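Descriptive analysis of the structure
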Number of protein chains: 2
Amino acid sequence: MARLAGVSEATVSRVLNGVGPIKEETRQRVLEAAAALHYVPSAIAQQFARRRSGNLGIILPLLPKVNLFATHYFSELLSGIGATAKQEGYDLLLFFQGHDEPRHYDRLFQAQKIDACIILGAQDVPAEREALKELHAASRAFCLISQRYEDEPYNTVDADHASGVRAAVKHLLEKGYERIGLLNGPSVYSNSRDRLEGFRQALAEQQLAASDAPVLIGNYSRKSGYSHADQVAMLIRKGELDAIVAGSDRMAIGLLQGLKEHGLTAGIHYGLVGCDDSEGSRLTDPALTSLTVPFYEAGSEAAARLLTSASDEEAESGFQLKLPVQLVVRGSSAVRPL
Amino acid sequence: MARLAGVSEATVSRVLNGVGPIKEETRQRVLEAAAALHYVPSAIAQQFARRRSGNLGIILPLLPKVNLFATHYFSELLSGIGATAKQEGYDLLLFFQGHDEPRHYDRLFQAQKIDACIILGAQDVPAEREALKELHAASRAFCLISQRYEDEPYNTVDADHASGVRAAVKHLLEKGYERIGLLNGPSVYSNSRDRLEGFRQALAEQQLAASDAPVLIGNYSRKSGYSHADQVAMLIRKGELDAIVAGSDRMAIGLLQGLKEHGLTAGIHYGLVGCDDSEGSRLTDPALTSLTVPFYEAGSEAAARLLTSASDEEAESGFQLKLPVQLVVRGSSAVRPL
DNA sequence: GTGAAAGCGCTAACAC
DNA sequence: GTGTTAGCGCTTTCAC
């Protein structure tokens, strides 16, 4: 105890935490003693006494081994969260959530392991809704990223996927493509629904009938894109399709590879746009036009809103952020030769 | 307090922790009461009383925004660590370490935030060595992944990069390539040194002079691979090189793209092998032959060794694991046409 | 087999 | 401004 070294008692606490009025001289004495003794306060005891853990929980889906969250999506998000959390004096506590496991999110709060939490990869399924409702009922500080529940007032941070897809379709039309299709992800993710909506809006704006525009559903994986190649090749050959927007870069890349086997090259025989502007978009030949999503900012915004509101005890009004998405044009959507 | 519901006192603790002899009947009573009251023990208080945090710290390098740890490397590692930690009842506490920031690793132990820790992306630089020495001096349970210090007895888990590169070189020679080069990473990483060693061994085994085999040094990024393309193209044109092993898939891919601009195609004009068997290796055209590294296993092994030894108070003997690496053959190292 | 009591190392009233 | 005094909610000797 540094109190021996100095002369005081709980004053040490005040000095170290910078609370209450302290005479500069004693402050110095305490600081010196602490330094001399290499004193490091026990975080465990502090947490206990303060009844707050100082931890920001992060719940992320445990995808099957390989390609877990390779998609640079989680990487960016985590970095953004981490930077802000550090700045606010919080540590990051990670929880992998198996898809089938019971979602005991609130238990993390009850156990006081975390003071706030960010949920990644939430799905629109009953078990998830239940778990979130519980959090909300208990007034927990939590936030969803990249997933919204239209009928619930939860805090969310998302990208404006609808605008993104609108921009993509507009771009393709300007490039001379005429029959645009969509390879979307499953509707348990709100961003899939957003993309569909953006797609329809874009067609409507151009007075194009959305009803006969091809919309295929995959699962966001490269494999899924690849497996749709046969069908897409047929549509292209029949003249019913000449460009496609995919809900993820991975699906786009799989599709691109599959169509190459059909002798169809992106940017020549058809136009292709992906989503996420992942590293992979730069690896294909031709490189993939994509929509860049500010994941880092999403993470840091989410953390900032949660953590600063946690310290303020003010009535926090909740938030539903929608971050802008931007088109990055590359070879896969080059001018269409007639 | 569940004690009201039941009748006992500290017995609750015993029941919930399954220690000491308990009459089955009281055990049931306590359990029922706990269930009825939705009792969840405070992790914070438990940690405090037990003087252990129950956290496994993970230190990972904070790389500049984009492509942070996209490389599936960290993803796999984290998943492996997470799975084992969960199984052992530990939570994961994440710390991003800026390259320039002071490395106060031991402070995490002093503050009792963590009971053990895994360090990813450690470099062989003085500040790092200093921080690790401090951990070792204080007998902390820690482990390095993918980095060894030859002169220090630290716990490590690594892949057998030397064998991997040997296998790669052998494979290329068998395919008919004759003048193999190496595009390596910087020697602050032990795996770079390992690869160089494996490379030299392989040449020596084949009675080839290692001295005039081209060895280039990049920094593991795609950009770095790309920027070596000019030099490599020249070597190929001069007949001084016809195949190359790159220290990472990303460098290999950058090189492949750069050489394509020189009109040189992997698998036709030259042979190419990468390292890590990342997702990107399947995206290039041709697909990239690579060395598959068991990152998931590395993570889970590291966690297992640390956490089981932490509970056993036995003399833990330390460990230096070397996991096997395997060659995955794809198009970039096809038979060389003469 | 179970209760009683001490205490983990801090913070936060409350006096002085 | 600073010391005194209670706990925070568990675990853990030690008796019984």
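Below or above, wherever it landed, is the structure these notes cover. None of the values given here were measured: they were computed from a predicted structure. (Residues numbered from 1 in each chain as written. Chains lettered and ligands numbered in written order. Predicted model: local features only at pLDDT ≥ 70, side-chain atom pairs only at ≥ 80, totals over all residues. Heavy atoms only, no water.)

1. Quick look at the protein's contact with DNA strand D
The local shell around DNA strand D holds 25 residues, among which Ser8, Thr11 and Arg14 of chain A together with Ala10 and Ser13 of chain B are the closest. Restricting the count to atoms of DNA strand D within 4 Å of the protein gives a sugar and phosphate share of 55%. Thr11 of chain A has a polar side-chain atom sitting 2.6 Å from a phosphate oxygen of DNA strand D. Within the backbone of Lys23 of chain A, a nitrogen or oxygen atom sits 2.8 Å from a phosphate oxygen of DNA strand D. Of all elements in the fold, only helix 2 (11-17) and helix 4 (43-50) of chain A together with helix 2 (11-17) and helix 4 (43-50) of chain B reach the threshold of two or more residues within the surface near DNA strand D. (Near = heavy atom within 4 Å. Polar contact = N/O pair within 3.5 Å; in protein donor to acceptor, adjacent residues only side chain to side chain. Helix = DSSP H or I, 4+ residues; strand = E, 2+ residues; numbered from the N terminus.)

2. Thoughts on the relation of the copies chain A and chain B
Overlay of chain A on chain B (RMSD 0.1 Å): rotation 180°, translation along the axis 0.0 Å. Taken together, the rotation and translation describe the operation of a two-fold axis. For chain A, the smallest separation between a C-alpha atom and the rotation axis is recorded for Leu93 of chain A, amounting to 2.4 Å. Both copies present the same face, since 100% of the interface residues in chain A are matched by interface residues at the equivalent positions in chain B. (Least-squares fit on C-alpha atoms with pLDDT ≥ 70 in both. Contact = heavy atoms within 4.5 Å.)

3. Let's talk about the protein's contact with DNA strand C
As a structural note, the neighbourhood of DNA strand C is formed by 25 residues, with Ala10 and Ser13 of chain A together with Ser8, Thr11 and Arg14 of chain B the closest of them. The sugar-phosphate share of atoms of DNA strand C within 4 Å of the protein amounts to 60%. Within the contact set of DNA strand C, a phosphate oxygen lies 3.1 Å away from a side-chain nitrogen or oxygen of Asn17 of chain A. Residue Arg51 of chain B places a side-chain N or O atom 3.1 Å away from a sugar or linking oxygen belonging to DNA strand C. Considering every element that reaches the surface near DNA strand C, the biggest residue donor is helix 4 of chain A, with five residues.

4. Notes on the pairing of strand 2 (residues 91-97) of chain A
Where burial is concerned, most of strand 2 of chain A is hidden: seven out of the seven residues are buried. Where burial is concerned, the two faces of strand 2 of chain A agree: the one with Asp91, Leu93, Phe95 and Gln97 of chain A and the one with Leu92, Leu94 and Phe96 of chain A are both buried. In this structure, strand 1 (residues 55-61) of chain A lies alongside strand 2 of chain A, joined through seven bridges in parallel fashion. In the strand pairing of strand 2 of chain A, Leu60 of chain A is matched with Phe96 of chain A. Sheet topology note: the strand 2 of chain A/strand 2 (residues 91-97) of chain B ladder contains three bridges and is antiparallel. Bridge pairing in strand 2 of chain B links Leu93 of chain A to Leu93 of chain B. (Buried < 20%, exposed > 50% of the residue type's maximum accessible area, 1.4 Å probe, protein only. Pairing = 2+ DSSP bridges.)

5. Regarding the interface of chain A and chain B
Tallying the contact residues gives 51 residues for chain A and 51 residues for chain B. Connecting chain A to chain B are eight salt bridges. Ionic pairing is found between Glu279 of chain B and Arg250 of chain A, a salt bridge with its closest N-O pair at 2.9 Å. Our count for the chain A to chain B interface comes out at 18 residue pairs in polar contact (both at pLDDT 80 or more). (Salt bridge = Lys/Arg side-chain N within 4 Å of Asp/Glu carboxyl O.)

6. Some words on a nonpolar patch on the surface
Together, Leu16, Leu31, Leu37 and Tyr39 of chain A line one region of the surface with nonpolar side chains, adding up to about 310 Å² of accessible area. With respect to the secondary-structure elements, Leu16 of chain A resides in helix 2. (Patch = residues over 30% accessible without salt bridge, like charges linked within 9 Å, V, L, I, M, F, W, Y side chains within 5 Å. Areas by Shrake-Rupley, 256 points an atom, 1.4 Å probe, with all protein chains shown as cover.)

7. Brief notes about the sheet that holds strand 8 (residues 243-246) of chain B
Pairing between the strands of a sheet comes from backbone hydrogen bonds, and it takes one of two forms, parallel or antiparallel. Residues and elements named next belong to chain B. One open sheet holds the four strands; their spatial order is 7-6-8-9, and the pairing between them is parallel. Taken across any chain shown, the strands that pair with only one partner, and hence form the sheet edges, are strand 7 (215-217) and strand 9 (271-273). In this sheet, adjacent strand axes meet at a mean angle of 20° when their direction is disregarded. In the sheet, strand 6 (residues 180-184) pairs with strand 7 via three bridges, with the strands oriented parallel. Residue pairing for strand 7: Leu182 is matched across the bridge by Val215. Of the strands in this sheet, strand 6, strand 8 and strand 9 touch helix 8 (residues 161-174), which is tilted by about 160° from strand 8. Set on the sheet, helix 9 (residues 190-205) makes contact with strand 6 and strand 7; between it and strand 6 the angle comes to about 175°. (Axes fitted to C-alpha atoms, helices over the stretch in contact; angles between N-to-C directions.)

8. As for unusual backbone geometry
All names here are of chain A. With an omega of 5°, the peptide bond between Asp285 and Pro286 qualifies as cis. Unusually for a residue other than glycine, Ser146 sits at a positive phi of about 65°. Position of Ser146 relative to the elements: it lies in the loop between strand 4 (142-145) and strand 5 (156-159). Owing to a relative accessible area of 10%, Ser146 belongs among the buried residues under this scheme.

9. Some thoughts on the sheet that holds strand 5 (residues 156-159) of chain B
Here we have 12 strands laid out as an open sheet, ordered 11(A)-5(A)-4(A)-3(A)-1(A)-2(A)-2(B)-1(B)-3(B)-4(B)-5(B)-11(B), and mixed in their pairing. A single partner strand is all that each edge strand has here, and the edge strands are strand 11 (320-323) of chain A together with strand 11 (320-323) of chain B. On average, each strand axis in the sheet is tilted by 20° relative to the strand beside it, whichever way the strands run. Pairing between strand 5 of chain B and strand 11 of chain B: four bridges, direction parallel. The residue bridging Thr156 of chain B from the neighbouring strand is Gln320 of chain B, located in strand 11 of chain B. Seen against the sheet, helix 7 (residues 126-137) of chain A touches strand 3 (116-120) and strand 4 of chain A and runs at an angle of roughly 145° to strand 4 of chain A.

10. Some remarks on the side chain of Ser278 of chain A
Its location among the elements puts Ser278 of chain A in the loop between strand 9 (271-273) and strand 10 (290-292). Excluding its chain neighbours within four sequence positions, the residues that come into contact with Ser278 of chain A are His72 and Asp249 of chain A.

11. Overview of the pairing of strand 8 of chain B
Residues and elements named next belong to chain B. Of the two faces of strand 8, both are covered, the one formed by Ala243 and Val245 as well as the one formed by Ile244 and Ala246. One ladder, built from four bridges, connects strand 6 with strand 8; its direction is parallel. For Ile180, the partnering residue across the bridge sits in strand 8 and is Ala243. As paired elements, strand 8 and strand 9 share three bridges and run parallel to each other. The residue bridging Ile244 from the neighbouring strand is Leu272, located in strand 9.

12. Some words on the packing of helix 11 (residues 229-237) of chain A against helix 12 (residues 249-261) of chain A
In a pair of packed helices, the angle between the axes and the distance between the axes together describe the arrangement. Residue and element names in this part refer to chain A. Between helix 11 and helix 12, whose axes approach to 9 Å, the crossing angle comes to 65°. The interaxial crossing formed by helix 11 with helix 12 has right-handed handedness. When helix 11 is examined against helix 12, the residues Ala229, Val232, Ala233 and Ile236 are found in contact with a partner set consisting of Leu255, Gly258 and Leu259. Looking at side-chain class alone, the contact of helix 11 with helix 12 contains six nonpolar, one polar and no charged residues. (Left-handed = near helix turned anticlockwise from the far one by under 90°. Nonpolar A, V, L, I, M, F, W, Y, C, P; charged D, E, K, R; others polar.)

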